[in-house]
Structure formats: structure tokens, C-alpha cells
Amino acid sequence: MIGQFLITFREVLEAAIIVAIIIAYLKRTNRGSQIKDVWTGVGLSVLASVVLGAGILALYGGLEEKELFEGIASYLAVIVLTSMIYWMATKGKNIKAEIESKVSKAINPLALIGFTFIVVFREGLETVLFLTPFATQDLAGTLAGLLVGTGAALVLAYLIYGVGMRINLRTFFYYSSILLVFVAAGLAGYGTHELIEWAEEEGMHLGFIEETAYNLGIPEESVFHHKGAIGSIFAVLFGYSVKMEWGRVIVQFGYLIVALYLVLRAYGKEIPTAKVGKRPAVSE
């Protein structure tokens, strides 16, 4: 549930920030009457995201080769998650100016609804893609993480834009990006594991890639097993597993090293401090 919570919390908060920027701009430019169009776009994007998620789960339930689906879904989630993390690190600080520029050109209601739908649905689409690999393993935990993450993000968004609490969002995205890199590495490793299992079932021989790299020998009933109470938390957050194939080790830790390097380099000397109240949140 923790990984699902983190992903949902970040995505919903990003969507809330975008909506807040749009509404603030409309109020500042005397276009307050169009705020209802913004909420229409938000509602449609949420509906589309729910339908998409339900459709993917229905498709998964009817598949015979579930390992192949889970492997591909995990890789796809990693690709999109990585691009989102890197984009926020390199372009996120200019998000306010970019959104306001687009809203200034969306004069008629249909254009504003369409723009809001696209930018919010992008976050919804990412959330669905990210949560799909988790949902195939633990549907109840994924739904719980989705609901709690959504609620927490909306509460924080209200505190920032409704109550006026000031927080350095650049700091939040920096540290959450690092944690999400570990989550993505775990997804990459899990996807590799599933593809190896699928290949074995198909009679393919992958050489050393399918051979066991290590085995901690921890029994499945132990709380420290990756399916246990404690081990499952580390499994979601850091890709922990009591046993891994060489292919999984190479992909998971190779991704982790490269992705961490890119994120840290993207922030560079701009690594923010964890001070609250430094600048208005909407300017981040």
C-alpha cells in the first residue's frame, strides 16, 4: 500500500497544483465565470481515468499469459514514471508560466474544458499505468493506497491553496523523486522477473540471465520475506526480494544507478532546503 500511496499522492498533488494555477489565473484575469469549465474538465478526466483503470483490470482478468502482461505493464510504468520524474526535475519550475500561457489562449468554454481535461487526464493516465503492476499483485492494497493517497493530496492542496499554508514544493518534488526512483527500480526488477518466468514457461533458455544471483533462504512465512508484513514494505519501496535472478539484478540495480544519477544531476546545485514558508507555493 505504501508504494501505491506515494505514487497516487504525488500524481494527485500535481493535478491539484495544475488546477489551482488555472483557477488562480482565471480569478486574476477577471475570468472567474469560467471556473465551472475547469471543474467540468476535471470531472471528465477523473471519469476517463476510472474507466481506463477498470478496462485494464478487466483485460488482465481475461488473459492467460499474465506474466507477460505484468512484465510489459511494469516496464511501461517505469518508462512513464521515469519521464515524469525527469520532467519535473528539469521543467517543473516553469510549470506555472507554461500553464498560464496556455490558459490565456483558451478563451471559449470548450477550449478551456479541453485543456483542463488533457493536463489532468495526463496525471490520471500516469496513475493508472503506475498502479497497474501493483493492482495485479495486490488489488485491495492498491485501492487502499489510491484512496488514502488521493485524500492526503487533496488535504495538502487545500492547506496550500485554500488556507494559505506555504511550503517549498520544489523540496517536496526533489525528495519524492528520489524515493520514486527506488519504487521504479523495484518495478523494473519485478517486470524482469515476470518476463523471465514467462520465457521459461514458453520453453526459452536465457542462459545466466535466468540463473539465481542470490537466495537469502528466508521462508515465506517469515515477516522478512518479500511477501511478509515487514518485507513487503521494503519490496514496494526498494524492490527488495529474498531471491533474484541475474537478469533482475542487472536491470533493477542498473536502472537505479542511472536514474539516481540523472535526477541528482538535473537538480544539481539547485537542491532545495526543507524550509516551509520560504516562497508562495503557487510560484513553484
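Residues numbered from 1 in each chain as written. Predicted model: local features only at pLDDT ≥ 70, side-chain atom pairs only at ≥ 80, totals over all residues. Heavy atoms only, no water.

Next up on the list: the overall build of the protein chain. Secondary structure summary: the protein chain contains 9 helices and 2 strands in total. In terms of overall size, the protein chain behaves like a compact globule, its C-alpha atoms giving a radius of gyration of 21 Å where 284 residues would be expected to give roughly 19 Å. Oriented by its inertia axes, the alpha-carbon framework of the protein chain measures out at about 65 × 45 × 30 Å. For the protein chain, the residues scored as buried account for 47% of the 284 residues in total. Total accessible area on the protein chain is roughly 14000 Å²; 69% of this is exposed by carbon and sulfur atoms. One finds the centroid of the 22 positive side-chain charges in the protein chain at a distance of 22 Å from the centroid of its 24 negative side-chain charges. (Helix = DSSP H or I, 4+ residues; strand = E, 2+ residues; numbered from the N terminus. Rg over C-alpha atoms; globule rule 2.2 N^0.38 Å. Buried < 20%, exposed > 50% of the residue type's maximum accessible area, 1.4 Å probe, protein only. Areas by Shrake-Rupley, 256 points an atom, 1.4 Å probe, with all protein chains shown as cover. Lys, Arg positive; Asp, Glu negative; His and termini not counted. Charge placed at Lys NZ, Arg CZ, Asp CG, Glu CD.)

Further remarks concern the nonpolar core. Of all hydrophobic cores here, the largest spans 62 residues; its most connected members are L13, I22, V38, I99, V103 and V181. Broken down by element, this core gets its largest block of residues, 15 residues, from helix α1 (residues 2-28). Discounting chain neighbours no more than four positions away, the residues touching L13 are A153, L156, A157 and F172. Grouped together as the second largest cluster of nonpolar side chains are 5 residues, I56, F69, A73 and V128 included. (Core = buried A, V, L, I, M, F, W, Y, C linked by side-chain atoms within 4.5 Å. Contact = heavy atoms within 4.5 Å.)

With their axes 11 Å apart at the nearest point, helix α5 (residues 109-137) and helix α7 (residues 169-201) run at an angle of 55° to one another. Relative to α7, α5 is oriented oblique. Along this stretch, α5 crosses α7, giving a crossing that reads as left-handed. Facing α5, whose interface residues are F130, P133, F134 and Q137, α7 presents V183, L187 and Y190. A class-by-class count of the residues in the contact of α5 with α7 yields 6 nonpolar, 1 polar and no charged. (Axes fitted to C-alpha atoms, helices over the stretch in contact; angles between N-to-C directions. Parallel < 35°, antiparallel > 145°, perpendicular 65-115°, else oblique. Left-handed = near helix turned anticlockwise from the far one by under 90°. Nonpolar A, V, L, I, M, F, W, Y, C, P; charged D, E, K, R; others polar.)

Taking 1.5 Å of rise per residue, the 27 residues of helix α2 (residues 35-61) would be expected to cover 39 Å, and the 40 Å separating its terminal C-alpha atoms lies within 8% of that figure. Buried-residue contacts for α2 involve α1, α3 (66-90) and α5. (Expected span 1.5 Å × (residues − 1).)

Attention now moves to the packing of aromatic side chains. Enumeration over the complete set of coordinates arrives at 5 aromatic pairs. Judged by centre distance (5.5 Å) and plane angle (85°), the ring pair of F182 and F238 falls under edge-to-face. Here the residue F182 occupies a position in helix α7, and F238 occupies one in helix α8 (residues 231-238), the gap between them amounting to 56 residues. Residue classification places F182 among the partly exposed positions, given a relative accessible area of 23%. Connected via pairs of aromatic rings, a cluster forms that spans F182, F234 and F238. (Phe/Tyr/Trp six-rings, centres within 6.5 Å; stacked < 30°, edge-to-face > 60°.)

This part covers the environment of A20. Inspection of the secondary structure assignment puts A20 in helix α1. A relative accessible area of 14% means that A20 is categorised as buried.

Attention now moves to unusual backbone geometry. One can expect most non-glycine residues to show negative phi and most peptide bonds to be in trans. Positive phi outside glycine occurs at N30, with the angle close to 60°. Looking at the element boundaries, N30 is found in the loop between α1 and α2. Looking at N30, the relative accessible area reads 74%, which means it is exposed.

Tracing the backbone through its elements, the reader meets R248 in helix α9 (residues 246-267). For R248, a relative accessible area of 7% translates into the label buried. Residues R248 and T212, 36 residues apart in the sequence, show an inter-C-alpha distance of 9.5 Å. Not counting the four nearest positions on each side in its chain, R248 is found in contact with G189, Y190, T192, H193, I196, G239, S241 and K243.

Here helix α4 (residues 95-105) has its buried residues at I95, I99, E100 and V103. Down the axis of α4, the sector holding all buried residues measures 120°, keeping them to one side. Exposed side of α4, more than 90 degrees from the buried face: A97 and K105 are the residues found there. (Arc of directions from axis to C-beta.)

On to a negative patch on the surface, then. Where like charges cluster on the molecular surface, the negative patch consists of E65, E200, E201 and E202. Inspection of the secondary structure assignment puts E65 in the loop between α2 and α3. By relative accessible area, which is 38% here, E65 ends up partly exposed. (Patch = residues over 30% accessible without salt bridge, like charges linked within 9 Å, V, L, I, M, F, W, Y side chains within 5 Å. Salt bridge = Lys/Arg side-chain N within 4 Å of Asp/Glu carboxyl O.)

Turning next to the confidence of the model for the protein chain. Across the protein chain, the average pLDDT comes to 83, with 91% of residues at 70 or higher. Here residues 274-284 is modelled with pLDDT under 50, and outside its nearest four sequence neighbours on either side it reaches 27 contacts, counting other chains as well. (pLDDT = per-residue confidence, 0-100.)

Let us look at the pattern of salt bridges. Where charged atoms from two side chains of opposite charge approach closely, those side chains can pair. This structure, assessed with the given rule, holds 3 salt bridges. Linking E100 and R28 is a salt bridge whose minimum nitrogen-to-oxygen distance equals 2.8 Å. Taken as a pair, E100 in helix α4 and R28 in helix α1 lie far apart in primary sequence, 72 residues in all. Classification of R28 by relative accessible area gives partly exposed; the value is 49%.

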